[in-house]
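Inside the fold
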Amino acid sequence: MFVKSKIVRDTLLLTVMQLILDTAALLLNVFITRQLGASAIGILTLMGSFLGLAGMISNGNAFLCTSRLISEELGKPSPNPNRVLTHGIKLCLLLSTAVSIVIVVFSDVISGKFFSGAHIASAVKLMPIALAAGAVSSCFKGYFNAFRKAAVSAAGEILEFFVKAAFIVIMTLSAADPDEAEVCRIMIFGIIAGSVSSFIYFGAQFLFRRKSYSGRGSLTFAKYASYAFPIMGGGLLTSVLSSTNDALIPMCLRQNGDTAAEAFSRFGIFEAIVIPTLFFPSVVLCSMSGIIVSETARASAEGNRDRIKSLAERLTRWTIIFAVFAAAVLMRFGSAIGELLGGGELAGRIITIIAPVVPFIYMEIICEAIIKGMGEQAFSSLNYLAEYAVRISVVLIFVPRFGFYGIVASYYASNVIGNCSRLIKTKKITGVSLRLFGDILAPLVYAFLTMGAAELLMKPFERYSECLAYMIAETVLWGFVYFVIFAFLGKVRLFQSGGPLIFVDNRQ
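Quick caveat, the model's predicted, so the values are computed rather than measured. (Residues numbered from 1 in each chain as written. Predicted model: local features only at pLDDT ≥ 70, side-chain atom pairs only at ≥ 80, totals over all residues. Heavy atoms only, no water.)

Some points on the side chain of threonine 277
Under the convention used in this document: In this text, helices come from DSSP runs of H or I with a minimum length of four residues, and strands from runs of E with a minimum of two, each type numbered from the N-terminal end. Per-residue accessibility, obtained with a 1.4 Å probe over protein chains only, is compared with the maximum for each type, and a residue is labelled buried under 20%, exposed over 50%, and partly exposed between these values. When checking whether two residues touch, look at their non-hydrogen atoms; a contact exists if any pair is within 4.5 Å.
Assignment of secondary structure puts threonine 277 in helix H11 (residues 260–279). Residue class for threonine 277 comes out buried when judged on its relative accessible area of 5%. In this structure, threonine 277 is in contact with Leu330, Ile337, Leu341 and Ile351, ignoring residues within four places of it in sequence.

Looking at the nonpolar core
How we decide: Here, the term nonpolar core denotes a set of buried Ala, Val, Leu, Ile, Met, Phe, Trp, Tyr and Cys residues that are joined through side-chain atoms within 4.5 Å.
Phe270 and Tyr482 are the most contacted members of the largest nonpolar core, which totals 110 residues. It is helix H13 (residues 305–340) that contributes the most residues to this core, 19 residues altogether. Those residues in contact with phenylalanine 270 that lie beyond four places of it in its chain are Ile275, Pro276, Ile350, Ile354, Phe404, Ile407 and Tyr411.

A few points about the packing of helix H3 (residues 62–74) against helix H7 (residues 127–146)
Here is the rule we go by: Note on method: axes are straight lines fitted to C-alpha atoms, helices fitted across the in-contact stretch only, with angles between N-to-C directions ranging 0 to 180 degrees. The sense of a crossing depends on the near helix, which, turned anticlockwise from the far helix by less than a right angle, makes the crossing left-handed and, turned clockwise, makes it right-handed. As a working rule, the residues Ala, Val, Leu, Ile, Met, Phe, Trp, Tyr, Cys and Pro are called nonpolar, Asp, Glu, Lys and Arg charged, and the rest polar, with Gly in that last group.
In the contact formed by H3 and H7, the axes pass within 7 Å of each other and the chain directions differ by 35 degrees. Of the two possible hands of crossing, H3 and H7 adopt the one that is right-handed. Taken together, the residues of H7 that come into contact with H3 (itself represented by Ala62, Phe63, Thr66, Ser67, Ile70, Ser71 and Leu74) are Ala135, Ser138, Cys139, Lys141, Gly142, Tyr143, Asn145 and Ala146. Residues that form the contact of H3 with H7 fall into these classes: eight nonpolar, six polar and one charged.

What to know about the pattern of salt bridges
For clarity, the threshold we go by: Salt bridges are counted wherever a side-chain nitrogen of Lys or Arg sits within 4 Å of a carboxyl oxygen of Asp or Glu.
If you walk through the whole model with that rule in mind, you get 11 salt bridges. Across the pair arginine 332 and glutamate 474 runs a salt bridge, and its minimum N-O distance is 3.5 Å. Taken as a pair, arginine 332 in helix H13 and glutamate 474 in helix H19 (residues 468–488) lie far apart in primary sequence, 142 residues in all. A relative accessible area of 29% means that arginine 332 is categorised as partly exposed. Between lysine 425 and glutamate 376 there is a salt bridge, with its nearest N and O atoms 3.8 Å apart. Of this pair, lysine 425 sits in helix H17 (residues 404–430) while glutamate 376 sits in the loop between helix H15 (358–373) and helix H16 (377–402); the two residues are 49 residues apart in sequence, bridging distant segments of the chain.

Some thoughts on the confidence of the model for the protein chain
Stated formally: For every residue, the predictor assigns a confidence score, pLDDT, that lies between 0 and 100.
When the pLDDT values of the protein chain are averaged, the result is 80; 87% of them are 70 or greater. Per-element confidence in the protein chain ranges from a low mean pLDDT of 36 for strand E2 (residues 499–505) to a high of 90 for H17. Contacts of residues 1–5 to residues separated by more than four positions or lying in other chains number 11 contacts, the stretch itself having pLDDT below 50. Per-residue pLDDT stays below 50 along residues 493–508; that stretch engages in 35 contacts with residues further than four places along the chain or on separate chains.

As for the environment of isoleucine 200
Within the fold, isoleucine 200 resides in helix H9 (residues 180–209). Since its relative accessible area comes to 53%, isoleucine 200 is described here as exposed. In sequence terms isoleucine 200 and glycine 156 are 44 residues apart; their C-alpha atoms lie 9.5 Å from each other.

Remarks on the environment of alanine 175
Its location among the elements puts alanine 175 in the loop between helix H8 (150–174) and H9. Sequence-wise, alanine 175 and isoleucine 186 are 11 residues apart; in three dimensions their C-alpha atoms are separated by 9.4 Å.

Remarks on the packing of H3 against helix H4 (residues 81–105)
The following threshold applies: Any angle from 65 to 115 degrees is called roughly perpendicular, while one under 35 is roughly parallel, one over 145 is roughly antiparallel, and all others are oblique.
Two elements in contact, H3 and H4, have axes whose closest approach is 9 Å; the angle formed by their N-to-C orientations is 160 degrees. Classified by the angle between their axes, H3 and H4 sit roughly antiparallel to one another. Here H3 and H4 pass one another in a crossing that is right-handed. Between H3, through Ala62, Thr66, Leu69, Ile70, Glu73 and Leu74, and H4, the contact on the second element is made entirely by Pro81, Val84, Leu85, Gly88 and Cys92. In the contact of H3 with H4, the residues fall into eight nonpolar, two polar and one charged.

Concerning H3
Quick note on the threshold: Expected helix span is computed as 1.5 Å times (number of residues minus one).
Its 13 residues place the ends of H3 18 Å apart at the C-alpha level, agreeing with the 18 Å of an ideal helix rising 1.5 Å per residue. Taken together, the buried positions of H3 are Ala62, Leu64, Cys65, Thr66, Ser67, Arg68, Leu69, Ile70, Ser71, Glu72 and Glu73.

So, the state of the cysteines
Counted only if it meets this: Throughout, disulfides are identified as pairs of cysteine sulfur atoms within 2.5 Å of each other.
Under the defined criterion, the tally for this structure stands at zero disulfides. Left without a disulfide partner, cysteine 92 is nearest to the cysteine sulfur of cysteine 139, which lies 3.4 Å away.

Spelled out as structure tokens, the structure:
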């Protein structure tokens, strides 16, 4: 029971902290959109894609590597997790040094190609500071995640974000009329400040909490690298494909007839308003995913197949129940949310249209965590390749012809295809069984029946339907009825003797 209750406690803690982060990030996007314009968000998104790609190369997907390999180490006799962490830091420093040299040598080319002007090369040369600090911080975060120190990792992420956000807000307000180059400098300096603060925090936490181990450990540096590079390859592939997709969208929008400013503006609204809104309810799943990687990795190292199957079944069924409700809420209030966040009628309409694909998007979070925890990086990489091949192909074909709706088509096609294959793979490697009506169709039926009931109960307050308070009240009432129905019908239960569980299936 300790493990189960620990997972619940960590998930609840991470959910609260991630909710704070997601809310703050969404508000920061709204602030930047209103202060600098939607086109600035588009530019910042492209720059973020480049920085993410550089960061992935420089840290070798260190969080996932250290979290999984240290978790496996703890499940073996004579473990030495500190040695695994040392291997991870060494590899990150080697990769960061190589990437930093490339960035400094080719700073003029990089600033000209990615940031539309060689005049910010001096700022680009500062990026290695953020990359090195971020790489080592990722190792520490993976270490604490493997030890189930969720609060430590979450606090570090919150500190990093708020330091970065503070720099961006202060520099934005200080800039009289910032041009594209100034916008890029603001983002780079904010990222550097956040990364350095995170590095200092995690380093101090490790020194304070460090434990000594007498075991020799099971991994040498060479063996660590041999495990890490396939994991890194999957993350690197995803970053390359994601950056390529982001770079193509504004270009294809211009082929449809938009000006450069209009293309960046539409792309900015999509990335700053639409996507964060769609992912906002998934905070609990994102919080759980890091824990799932370490739990499944440890159970796999111990050969505990029953534990893996039980965990996978509960999580997939809960994810479907939750994701269907989230999609229904976004369909119901998407238009109003888009308006409230400053994205206008366009953002609201796109949120409503994309909402039905939300269950597929959320299923990716859980299935990817299970797949990676089981060491199936080869499948994960191949599936991402296929998914982005579909997405990019649809962007190239449909966006020049249909404009913004081509982006919607690309999200539908790639998420449905990619995440159906993830679910099939998860079933194959864990033995999870799902029933068409009981596990998939029933949540759909209950979601729309309870929506009607909630609207009926809120009928006396209908004149306030455009107010935020009304939407929150109806969603809370709707969600309460929806989840209580599942508990009442015996599909799931909220508690079992010995401690709380996350909606455990009650049919076995």
